[in-house]
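# Results of the structural survey
In case you want the letters, here they are:
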Amino acid sequence: MCLGKVYIVVIQGDNMTDPNDLKQLTDDLKYLNRMNFREFADTLFPDATPDYLIPKWDLFQTDKLGFIWSCSTDKLRLICEYIKAESGDYS
């Protein structure tokens, strides 16, 4: 699932009504805890300067959901790709 269903929900404007969807979403988000600073920088902000990157990293470390809310669609896609790779879900 890898945020995929939630991603589609946001794009299509549908409502998430199944509690299992929320459970799966939070399970998928756990894979972000594996991301270290180098992966974070290389995956999401490859050209960022330290003054931009460090606050983003700090937010990511302290508030994953807040970080996700701050992301653009292209960053959300990269996050989904990372989660899929970490979970082994290549569907």
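Residue numbers run consecutively from 1 along every chain, following the written order of its sequence. Local features in this predicted model are restricted to residues of pLDDT 70 or higher, and side-chain atom pairs are both shown and tallied only at a pLDDT of 80 or more, whereas totals for entire chains, interfaces and linings draw on every residue. Calculation of side-chain values draws on the structure's entire complement of heavy atoms; hydrogens and water are dropped beforehand.

Before going further, it helps to examine the environment of phenylalanine 67. A run of DSSP states H or I qualifies as a helix once it reaches four residues; a run of E qualifies as a strand once it reaches two. Both are numbered from the N-terminal end. Position of phenylalanine 67 relative to the elements: it lies in helix 5 (residues 64-70). Once you skip the residues sitting within four places of it in the chain, phenylalanine 67 turns out to touch Phe40, Leu44, Phe45, Lys56, Leu59, Phe60 and Ile79. Working rule for contacts: check all heavy atoms of both residues, and any pair within 4.5 Å makes them a contact.

On to the nonpolar core, then. Throughout this description, the term nonpolar core refers to a set of buried Ala, Val, Leu, Ile, Met, Phe, Trp, Tyr and Cys residues connected via side-chain atoms within 4.5 Å. Partly exposed describes any residue whose relative accessible area lies between the buried limit of under 20% and the exposed limit of over 50%, with all areas from a 1.4 Å probe on protein chains only and scaled to the type maximum. Counting 16 residues, the largest nonpolar core has Leu32, Phe40, Leu44, Phe60, Phe67 and Ile79 as its most contacted members. If you list the elements that add at least two residues to this core, you get helix 3 (37-44), helix 4 (50-62), helix 5 and helix 6 (73-87). For phenylalanine 40, the residues in contact, after removing those within four places along its chain, are Met35, Phe45, Leu53, Lys56, Trp57, Phe60 and Phe67.

Among the residues of helix 3, Phe40, Ala41 and Leu44 are the ones counted as buried. The arc that holds every buried residue of helix 3, seen down its axis, measures 100°, which confines them to one face. Close packing links the buried residues of helix 3 with helix 4, helix 5 and helix 6. Counting of polar contacts relies on pairs of N or O atoms within 3.5 Å, with two restrictions inside protein: one atom must be capable of donating a hydrogen and the other of accepting it, and residues adjacent in sequence are counted only when both atoms are side-chain atoms. Sitting at the head of helix 3, asparagine 36 places a side-chain oxygen 3.0 Å from the backbone nitrogen of arginine 38. Read the arc as the range of directions from the helix axis to the C-beta atoms.

Within the element layout of this structure, alanine 41 appears in helix 3. For alanine 41, a relative accessible area of 4% puts it in the buried group. Sequence separation between alanine 41 and tryptophan 57 is 16 residues, and the spatial gap between their C-alpha atoms is 8.2 Å. Residue contacts for alanine 41: discarding those within four places in its chain leaves Pro46 and Leu53.

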